[in-house]
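Observations on the model geometry
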Amino acid sequence: MTQFEALLGTDFEGNRTDDVDDVIYGGYDHFEHRDRVPGLVALLGDISAPDRERYLACLALVAWGEPVGYQAIREATRDPRAAPWYDLVMDRKFSVDSSYGKFSEATADSRELAEEKNSSALRLETFRSLIGVADREYFEEKLGDYLEEPVVRACLPDIREVIARGLESIESGVRCRFDLPTQLVDLANSIVSVDEELGVDLIMQILHAAPADRTMIHAVTGVYRATGPAGRSLAEYLALTGNERVRSLLAEKS
């Protein structure tokens with residue numbers, strides 16, 4: 001049995017499995033996952049190991065709220081495309097790397113273990129690092145919706161900054177390999193529950209810069225999260241400019 005098979009190819013009952021996700025998420029319910037952490041740290045740092053194994057080791061460490069995993073993501077986001085696993089996990093729709101979406105999901109899922117392991121501050125900084133590359137890297141709809149309100153409040157300047165950079169790219173005609181406007185709207189949606197006027201204002205800026213059907217469909221989430229006049233104004237705009245699907249989603253809220 002290889003090191004990888006022992007760490008992530010064996011469940012917590014000792015059975016061999018090809019379902020690595022089952023092992024990673026099984027760690028939430030098994031204290032014994034801590035026994036595998038040193039081996040995963042060693043595997044992550046082994047430059048001779050296959051990129052896939054290093055990626056999955058990192059994913060497990062992040063999901064289990066381990067500081068080494070968080071730090072690896074923070075370092076990777078300094079030069080996202082230089083990570084050893086870049087382009088290993090590809091999105092089918094846009095044919096681009098989607099590993100940072102997987103890491104965002106794992107960071108979100110690690111909340112309880114991070115609290116147990118006193119690594120919540122590192123978890124927050126990991127989210128901050130991920131937000132910082134959202135104008136350049138694809139998150140497969142696994143960023144904006146994964147930010148709980150305390151994270152949004154702490155990272156609000158970072159979210160505003162990345163949306164501003166993204167808008168500048170859109171308005172300058174910079175070609176993006178994925179649907180950047182929709183990803184930015186998802187981030188702006190996360191703000192609505194914290195600061196409705198700001199969140200809606202950012203959504204409107206994005207829609208004016210790139211009024212695509214898919215982007216408008218995602219903007220309906222902002223309407224659902226809003227409770228005040230800004231949200232009603234957004235709903236009116238979407239009802240006037242959106243397609244039948246947008247109007248149908250708006251009608252479901254009414």
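With that out of the way, let us pick up helix α6 (residues 99-109). Within α6, 9 of the 11 residues are buried, which leaves the element mostly enclosed by the surrounding structure. Those residues of α6 that are buried are in contact with α2 (20-26), α4 (51-63), α5 (67-76), α7 (111-116) and α8 (120-131).

Right, let's get into the pattern of salt bridges. For the structure shown, the criterion picks out 17 salt bridges. Of the charged contacts in the structure, one is a salt bridge between R214 and E141, with a shortest N-O distance of 2.6 Å. In this pair, R214 sits in helix α13 (residues 213-225) while E141 sits in the loop between α8 and α9 (149-154), placing the two residues 73 residues apart along the sequence. Residue R214 is classed as partly exposed on the basis of its relative accessible area, which comes to 23%. On the basis of relative accessible area, E141 is assigned to the partly exposed category, the value being 38%.

Applying the stated rule across the entire model yields 8 aromatic pairs. Aromatic pair W85 and F103: ring centres 5.4 Å apart, planes at 55°, arrangement tilted. A residue pair is termed long-range when its members are at least 10 positions apart, and W85 in the loop between α5 and α6 and F103 in helix α6 qualify at 18 residues. The class for F103 is buried, based on a relative accessible area of 0%. Judged by centre distance (5.4 Å) and plane angle (40°), the ring pair of Y138 and F178 falls under tilted. Here Y138 is found in the loop between α8 and α9, whereas its partner F178 is found in the loop between α10 (156-171) and α11 (180-192), with 40 residues between them in sequence. Neither residue differs from the other here; Y138 and F178 are each classed as buried. Put simply, the rings of Y55, W85, Y100 and F103 pair up and form one aromatic cluster. The ring of F12 has R36 sitting right over it, with the charged end atom 4.3 Å from the ring centre.

Let's shift gears to the packing of α13 against helix α14 (residues 229-241). Describing two packed helices takes the angle between their axes plus the distance from one axis to the other. Interhelical geometry of α13 versus α14 gives an angle of 155° and a closest axis separation of 9 Å. Classified by the interaxial angle, the pair formed by α13 and α14 is roughly antiparallel. In the crossing of α13 with α14, the sense of the turn from one axis to the other is left-handed. The segment α13 lies against α14, with M216, A219, V220, G222 and V223 engaging G231, L234, A235, L238 and T241. Residues belonging to the contact of α13 with α14 are distributed by class as follows: 7 nonpolar, 3 polar and no charged.

A few words on the side chain of E148. Within the fold, E148 resides in the loop between α8 and α9. Of the polar contacts made by the side chain of E148, one reaches the side chain of R123; its length is 2.7 Å. Residues contacting E148, with those up to four places away along its chain left out, are R111 and R123.

Another point: the side chain of T77. Here T77 is to be found in the loop between α5 and α6. Within the local environment of T77, its side chain forms a polar contact with the backbone oxygen of R74, the two atoms lying 2.9 Å apart. For T77, the residues in contact, after removing those within four places along its chain, are Y100, S129, L130, V133 and R136.

So, about α11. Count 3.6 residues to each turn of an α-helix, and residues three or four apart come out pointing the same way. For α11, with 13 residues, the first-to-last C-alpha span of 19 Å sits near the 18 Å given by 1.5 Å per residue. The buried fraction of α11 is high, at 13 of 13 residues.

Together, E13, D18, D19, D21, D22, E32 and D35 give the surface a local cluster of negative charge. Summarising the element assignment, E32 is placed in the loop between α2 and α3 (37-44). Classification of E32 by relative accessible area gives partly exposed; the value is 42%.

Calculation notes
Residues numbered from 1 in each chain as written. Predicted model: local features only at pLDDT ≥ 70, side-chain atom pairs only at ≥ 80, totals over all residues. Heavy atoms only, no water. Buried < 20%, exposed > 50% of the residue type's maximum accessible area, 1.4 Å probe, protein only. Helix = DSSP H or I, 4+ residues; strand = E, 2+ residues; numbered from the N terminus. Contact = heavy atoms within 4.5 Å. Salt bridge = Lys/Arg side-chain N within 4 Å of Asp/Glu carboxyl O. Phe/Tyr/Trp six-rings, centres within 6.5 Å; stacked < 30°, edge-to-face > 60°. Lys NZ or Arg CZ within 6 Å of the ring centre and 35° of its normal. Axes fitted to C-alpha atoms, helices over the stretch in contact; angles between N-to-C directions. Parallel < 35°, antiparallel > 145°, perpendicular 65-115°, else oblique. Left-handed = near helix turned anticlockwise from the far one by under 90°. Nonpolar A, V, L, I, M, F, W, Y, C, P; charged D, E, K, R; others polar. Polar contact = N/O pair within 3.5 Å; in protein donor to acceptor, adjacent residues only side chain to side chain. Expected span 1.5 Å × (residues − 1). Patch = residues over 30% accessible without salt bridge, like charges linked within 9 Å, V, L, I, M, F, W, Y side chains within 5 Å. Areas by Shrake-Rupley, 256 points an atom, 1.4 Å probe, with all protein chains shown as cover. Lys, Arg positive; Asp, Glu negative; His and termini not counted. Charge placed at Lys NZ, Arg CZ, Asp CG, Glu CD.

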